[in-house]
Amino acid sequence: MPPKPPIELLICDCDGVLIDSEIIAEHHLHSALAEHYPAHELEVVLAGTFGLQTADIIARAEAHFGKPLPEGFLEKNRAITKALVREQGQPIAGVREALMQIDLPLAVASNSNADALAFALQRCELTERVTVGAFSADQVERPKPAPDLYLLAAERAGVDPSRCLVVEDSATGATAALTAGMQVIGFLGASHIPPEHGETLRQLGVHHLIGRMSELPALVERLRHGSD
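Just so it is clear, the model here is predicted, and its values are computed rather than measured.

Cut-offs used in this document
Residues numbered from 1 in each chain as written. Predicted model: local features only at pLDDT ≥ 70, side-chain atom pairs only at ≥ 80, totals over all residues. Heavy atoms only, no water. Helix = DSSP H or I, 4+ residues; strand = E, 2+ residues; numbered from the N terminus. Rg over C-alpha atoms; globule rule 2.2 N^0.38 Å. Buried < 20%, exposed > 50% of the residue type's maximum accessible area, 1.4 Å probe, protein only. Contact = heavy atoms within 4.5 Å. Lys, Arg positive; Asp, Glu negative; His and termini not counted. Charge placed at Lys NZ, Arg CZ, Asp CG, Glu CD. Domains from an automatic or database assignment. Buried area = accessible area lost by both parts, 1.4 Å probe. Salt bridge = Lys/Arg side-chain N within 4 Å of Asp/Glu carboxyl O. Polar contact = N/O pair within 3.5 Å; in protein donor to acceptor, adjacent residues only side chain to side chain. Axes fitted to C-alpha atoms, helices over the stretch in contact; angles between N-to-C directions. Left-handed = near helix turned anticlockwise from the far one by under 90°. Nonpolar A, V, L, I, M, F, W, Y, C, P; charged D, E, K, R; others polar. Pairing = 2+ DSSP bridges.

A. Seen up close, the overall build of the protein. The helix and strand tally for the protein stands at 10 helices and six strands. Whereas a compact globule of 228 residues would reach a radius of gyration of roughly 17 Å, the protein reaches 17 Å, a difference of no more than 12%. The principal-axis extents of the C-alpha atoms in the protein amount to approximately 50 × 35 × 30 Å. Looking at the protein as a whole, 49% of its 228 residues qualify as buried. The long-range fraction of contacts in the protein, counting pairs at least 24 apart against all pairs at least 6 apart in sequence, stands at 70%. The centroid of the 18 positive side-chain charges in the protein is displaced by 3 Å from the centroid of its 31 negative side-chain charges.

In structure tokens:
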């Protein structure tokens, strides 16, 4: 097997990697959907949907139950979730310290909108560390699990996708990065991650998993030179 090319760009997902917000959005959406659909079935319908855009999750629920949600449900949910994240969302433990130790250009690629992404970077005190740019779902035609967001970040950085290393928490995001031809580190330390999620990522082809951000700098250092 030929050696992997050296890493020239680090790309992080946002929700569940930089800011611990997925659990907040997940809980609110479940409660809101339970007002219209049988709560005992929602666990199955929503399993594995974190990382998807809310509109796609809602569409899945509507298709499963065969019953459309009230007009304006998505917009109302977005507004409430935004307020909750701004009130309760906290940085992933150790994420700023870890990223400040890594001597690579940094981009962020998220299925969130630009406003939510800018807030998260500010809350995590990472705005200036993101030297390449922050890329949101509204900048591409196809968000994750399509590779478009990650390919956009690589293009803007002038870096070949094979030389990009991505930190992702979701199967949706990992699929996007792997499809783009990038190496992926799976992060399992956010509040919403179920115990079996590491195996889910491994089955997708994610070979490196971490549970704490303090593990990231050393792993990136190994991978950036193709030594792992």
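B. A look at the domain arrangement of the protein. Here the protein is described as being made up of domain 1 (9–18 + 92–224) and domain 2 (22–88). Computed from C-alpha coordinates alone, the two centres of domain 1 and domain 2 are separated by 23 Å. At the junction of the two partners, domain 1 supplies 17 residues and domain 2 supplies 10 residues. When domain 1 packs against domain 2, the two sides together hide about 1,200 Å² of surface, and 57% of this comes from carbon and sulfur. The interface formed by domain 1 and domain 2 includes two salt bridges. Here R86 and D115 are joined by a salt bridge, their closest N and O atoms 3.0 Å apart. Remark: the boundary between domain 1 and domain 2 carries three residue pairs in polar contact (both at pLDDT 80 or more). At three residues, the largest contribution of residues to the side of domain 1 that touches domain 2 is made by helix α6 (residues 114–123).

C. Up close: the packing of helix α1 (residues 22–34) against helix α4 (residues 73–88). Where α1 meets α4, the closest approach of the two axes is 9 Å, and the angle between their N-to-C directions is 145 degrees. Handedness of the crossing formed by α1 with α4: right-handed. Taken together, the residues of α4 that come into contact with α1 (itself represented by I24, A25, H28, L29, A32 and L33) are F73, N77, I80, T81, L84, V85 and Q88. Taken together, the residues of the contact of α1 with α4 sort by class into nine nonpolar, four polar and no charged.

D. Representation of the pattern of salt bridges within the structure. Evaluation of the coordinates by the stated rule reveals eight salt bridges. A salt bridge links E125 to R96; the shortest N-O distance between them is 3.9 Å. Highlighted residues: E125 in the loop between α6 and β3 (133–136) and R96 in helix α5 (residues 95–101), separated in sequence by 29 residues. Among the residues examined, E125 registers a relative accessible area of 56% and is labelled exposed. Where K144 meets E168, a salt bridge forms, and the shortest distance between an N and an O atom there is 2.7 Å. Of the two residues, K144 sits in the loop between β3 and α7 (148–157) while E168 sits in strand β4 (residues 164–168), which places them 24 residues apart along the sequence.

E. A look at the sheet that holds β3. Pairing in this open sheet of six strands is parallel, and the strands run β3-β2-β1-β4-β5-β6 from one edge to the other. Edge positions in the open sheet fall to β3 and β6 (208–210), since each of these has one partner strand only. Taken over all neighbouring pairs, the strand axes of this sheet differ in orientation by 25 degrees on average, direction set aside. Two strands pair when backbone bridges link them, and β4 and strand β5 (residues 183–187) are joined in this way by four bridges, in the parallel orientation. Its bridge partner lying in β5, L165 is registered against Q183. Seen against the sheet, α6 touches β2 (106–110) and β3 and runs at an angle of roughly 140 degrees to β3.

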